[in-house]
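Structural overview for review
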Amino acid sequence: MNLGVRWTLHGDGRTPAPGAVVRPDERLSWPRTAGLGAQHVVAMFGASFVAPVLMGLDPNLAIMMSGVATVVFLLATRGRVPSYLGCSLSFVGVAAVIRAQGGSSATVTGAVFVVGAALFLVGLAVQRFGARIIHAAMPPVVTGAVVMLIGFNLAPVTAATYWPQDQWTALFVMLFTGLAVVCLRGFWSRIAIFLGLVFGYALSWALDRILGRIHSADASGKVTDHWRLDLSGVGQADWIGLPTLHSPSFEWSAILVALPVVIALIAENAGHVKAVGEMTGDDLDDRLGTAISADGVGSMLSTAVGGPPNTTYSENIGVMAATRVYSTAAYWAAAGFALLFGLCPKFGAVVAAVPGGVLGGITVILYGMIGLLGAQIWINAKVDLRNPLNLVPAAAGIIIGVGNVTMEFTDTFSLSGIALGTLVVITGYHALRAFAPAHLKTQEPLLDEGTSSYDTAGGGEAGGEGDQRAKS
């Protein structure tokens with residue numbers, strides 16, 4: 001059985017030949033391959049460490065399980081789709097909602113486990129019936145609206161939880177991170193979030209030395225005098241040890257809040273597979289369902305032991321594009337480094353000590369970027385918001401999701417925010433489409449421009465849009 005774990009040496013093993021790329025089944029010398037693997041781990045540091053901290057989960061376990069999930073993904077795709085699976089930011093909002101409802105870490109991971117299972121089943125369906133089934137259920141107007149409301153639903157978390165802990169540090173971290181994203185080039189711009197964390201860490205330490213304790217809300221929301229940067233947990237942590245594990249707990253209220261994230265994960269995976277296929281020149285259409293299922297399995301494995309869910313990372317696409325090295329050997333090396341980091345509790349304690357003000361500055365940008373990805377899906381797919389069939393369900397669902405509107409069905413069951421907004425967008429769109437006049441019903445590309453060509457093979461009324469190509 002071909003598991004994609006054999007590679008031929010590319011050229012002299014040092015650098016790609018002029019105009020050539022290192023293909024997934026090739027590699028450079030092992031020292032260079034290991035270096036590229038470390039670079040991939042660093043590229044996902046920022047988001048993959050911010051996400052578990054914001055979700056209230058163990059960052060050590062997060063990085064370890066990201067390595068496990070990456071191995072599962074590489075084996076499932078037989079080494080044809082180079083990818084690193086890191087902690088998904090799409091779940092930060094649902095974790096905040098679940099905890100606000102009184103849910104524990106076990107409740108969060110239980111809800112996300114179900115999302116992973118749903119993603120796995122979607123992948124199997126795509127393998128069986130093709131990507132057209134995704135298009136039928138979730139056209140771009142629906143996908144974009146759901147991604148947007150998931151991101152913007154997080155705004156109160158920043159405003160009420162993180163920013164008040166240290167508003168001035170939050171402001172400076174926001175400015176620094178924004179400058180890093182815009183002004184830096186190449187690899188450095190792709191780790192801008194990580195650089196923002198480092199800057200905020202250093203700034204908080206310096207302000208503690210210069211100004212002393214700050215009088216503000218702490219992580220629990222209680223206003224008191226406290227240090228901005230509390231490193232007491234770092235000194236107590238061991239250098240080597242296993243992360244803390246826990247089993248998931250399943251509650252319907254939490255599961256319903258988390259399920260809409262499946263839509264965002266499908267879009268992320270489809271876009272990743274298409275982008276990699278275009279960069280390498282390989283036709284990966286037949287791997288889309290496998291990639292989605294593998295992502296689901298990786299998330300299930302992680303959440304089953306108390307870790308966060310995982311997804312493919314656009315930061316790593318950037319690293320591949322910059323280096324022209326698409327070797328899956330580099331991702332095996334990255335997975336190995338992630339496992340080693342996960343076995344160092346002291347490293348996790350450093351991450352967990354990130355001050356609230358620093359998170360405030362970063363999440364202002366990060367949460368907004370998540371929301372605006374929904375708008376990017378609309379733009380790439382040329383969604384016409386002048387069409388009331390698109391405008392009405394998207395507008396209603398986004399306001400419900402962002403405003404955290406609640407519908408109480410019984411004394412013990414209600415839907416609100418992300419779950420209710422997603423339900424309104426999906427059911428509203430398809431219900432209106434059933435009654436809409438023919439001139440409002442236009443065929444749209446699959447998910448977004450980056451994945452629309454999956455639908456061309458099946459023919460149908462593509463209206464010429466299936467020939468579009470990704471711009472990323």
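Residues numbered from 1 in each chain as written. Predicted model: local features only at pLDDT ≥ 70, side-chain atom pairs only at ≥ 80, totals over all residues. Heavy atoms only, no water.

Named according to an unreviewed UniProt entry, the chain is Solute carrier family 23 protein originating from Streptomyces prasinosporus. According to the UniProt record, the Sequence similarities (unreviewed entry) comment for the chain reads "Belongs to the nucleobase:cation symporter-2 (NCS2) (TC 2.A.40) family." (UniProt positions renumbered as here; feature names shortened; annotations may be inferred.)

**Considering the overall build of the chain**
Looking only at helices and strands, one finds 21 helices and eight strands in the chain. Per-residue burial for the chain yields a buried fraction of 54% across its 472 residues. Pairs at least 24 residues apart make up 77% of the contacts formed inside the chain by residues separated by at least 6 positions. Within the structure as shown, the chain displays about 19600 Å² of accessible surface, and the carbon and sulfur contribution to it stands at 65%. (Helix = DSSP H or I, 4+ residues; strand = E, 2+ residues; numbered from the N terminus. Buried < 20%, exposed > 50% of the residue type's maximum accessible area, 1.4 Å probe, protein only. Contact = heavy atoms within 4.5 Å. Areas by Shrake-Rupley, 256 points an atom, 1.4 Å probe, with all protein chains shown as cover.)

**Some details on the environment of Ala237**
In this fold, Ala237 is placed in the loop between helix H12 (232–236) and helix H13 (252–258). Of the residues examined, Ala237 reaches a relative accessible area of 18% and is grouped as buried.

**Considerations on helix H9 (residues 167–183)**
The terminal C-alpha atoms of H9 lie 24 Å apart, and with 17 residues this matches the ideal 24 Å at 1.5 Å per residue to within 8%. Taken together, the buried positions of H9 are Thr169, Ala170, Val173, Thr177 and Ala180. Relative to the axis of H9, the buried residues are bounded by an arc of 95° and lie together on one face. Seen from the open side of H9, the exposed residues pointing more than 90 degrees away from its buried face are Trp168, Leu179 and Val182. (Expected span 1.5 Å × (residues − 1). Arc of directions from axis to C-beta.)

**Focus on the pattern of salt bridges**
Pairing is possible between side chains that carry opposite charge, provided their charged atoms lie close to one another. The tally for this structure, following the rule as stated, stands at three salt bridges. One salt bridge in this structure joins Asp166 and Arg228, with 3.2 Å as the shortest N-O distance. Taken as a pair, Asp166 in the loop between helix H8 (155–162) and H9 and Arg228 in the loop between strand E5 (223–226) and H12 lie far apart in primary sequence, 62 residues in all. Taking the relative accessible area as the measure of exposure, Asp166 reaches 6% and is therefore buried. Shared partners join several salt bridges into a network, and the residues in it are Asp166, Asp208 and Arg228. (Salt bridge = Lys/Arg side-chain N within 4 Å of Asp/Glu carboxyl O.)

**Focus on the nonpolar core**
Among the nonpolar cores identified, the biggest contains 94 residues, and Met55, Phe91, Val92, Tyr367 and Trp378 are the most heavily contacted of them. If we ignore the near neighbours within four places in the chain, the residues touching Trp378 are Pro140, Val141, Gly144, Ala145, Met148, Val383, Leu385, Ala394 and Ile398. Listed in part, the five residues of the second largest apolar core include Leu28, Leu36, Val325 and Ala330. (Core = buried A, V, L, I, M, F, W, Y, C linked by side-chain atoms within 4.5 Å.)

**Topic: a nonpolar patch on the surface**
Residues Leu385, Leu391, Val392 and Leu432 make up a contiguous nonpolar surface patch of roughly 300 Å² in combined accessible area. You can see Leu391 is positioned in helix H20 (residues 388–403). Since its relative accessible area comes to 40%, Leu391 is described here as partly exposed. (Patch = residues over 30% accessible without salt bridge, like charges linked within 9 Å, V, L, I, M, F, W, Y side chains within 5 Å.)

**Focus: the side chain of Ser302**
Structurally, Ser302 can be placed in helix H15 (residues 288–304). In this view, Ser302 contacts Met65, Gly307, Pro308 and Asn310; residues no more than four positions away in its chain are not counted.

**Here we look at the confidence of the model for the chain**
On average, residues of the chain carry a pLDDT of 80, and 87% of them reach 70 or more. Low pLDDT (under 50) marks residues 445–472, which in the prediction has 65 contacts with non-local residues, meaning those over four places away or in another chain. (pLDDT = per-residue confidence, 0-100.)

**Brief notes about the environment of Met64**
Within the element layout of this structure, Met64 appears in helix H3 (residues 59–76). Judged by its relative accessible area of 12%, Met64 falls in the buried class. The spatial distance from the C-alpha of Met64 to the C-alpha of Gly342 is 4.3 Å, given a sequence separation of 278 residues. Those residues in contact with Met64 that lie beyond four places of it in its chain are Pro243, Ala338, Leu339, Gly342 and Leu343.

**A closer look at the side chain of Thr328**
Within the secondary structure, Thr328 sits in helix H17 (residues 328–342). Engagement of the side chain of Thr328 in a polar contact is seen with the backbone oxygen of Pro24, the distance being 3.1 Å. Ignoring sequence-local partners within four residues, the contact set of Thr328 consists of Gly4, Trp7, Pro24, Leu74, Gly79 and Pro82. (Polar contact = N/O pair within 3.5 Å; in protein donor to acceptor, adjacent residues only side chain to side chain.)

**With respect to the packing of aromatic side chains**
Applying the stated criterion to the full structure yields three aromatic pairs. Sitting over the face of the ring of Trp227, Arg209 holds its NZ or CZ atom 5.8 Å from the ring centroid. Of note, Lys346 hangs over the ring of Trp239, and the distance from its end group to the ring centre comes to 5.2 Å. (Phe/Tyr/Trp six-rings, centres within 6.5 Å; stacked < 30°, edge-to-face > 60°. Lys NZ or Arg CZ within 6 Å of the ring centre and 35° of its normal.)

**Overview of the packing of H20 against helix H21 (residues 417–435)**
The N-to-C vectors of H20 and H21 enclose an angle of 165°; their axes lie 7 Å apart at closest approach. Relative to H21, the element H20 is oriented roughly antiparallel. Regarding H20 and H21, the two cross each other, and that crossing is right-handed. Where H20 abuts H21, its residues Leu389, Asn390, Val392, Pro393, Ala396, Gly397, Ile400 and Gly401 lie against Gly417, Ile418, Leu420, Gly421, Val424, Val425, Gly428, Tyr429, Leu432 and Arg433. (Axes fitted to C-alpha atoms, helices over the stretch in contact; angles between N-to-C directions. Parallel < 35°, antiparallel > 145°, perpendicular 65-115°, else oblique. Left-handed = near helix turned anticlockwise from the far one by under 90°.)

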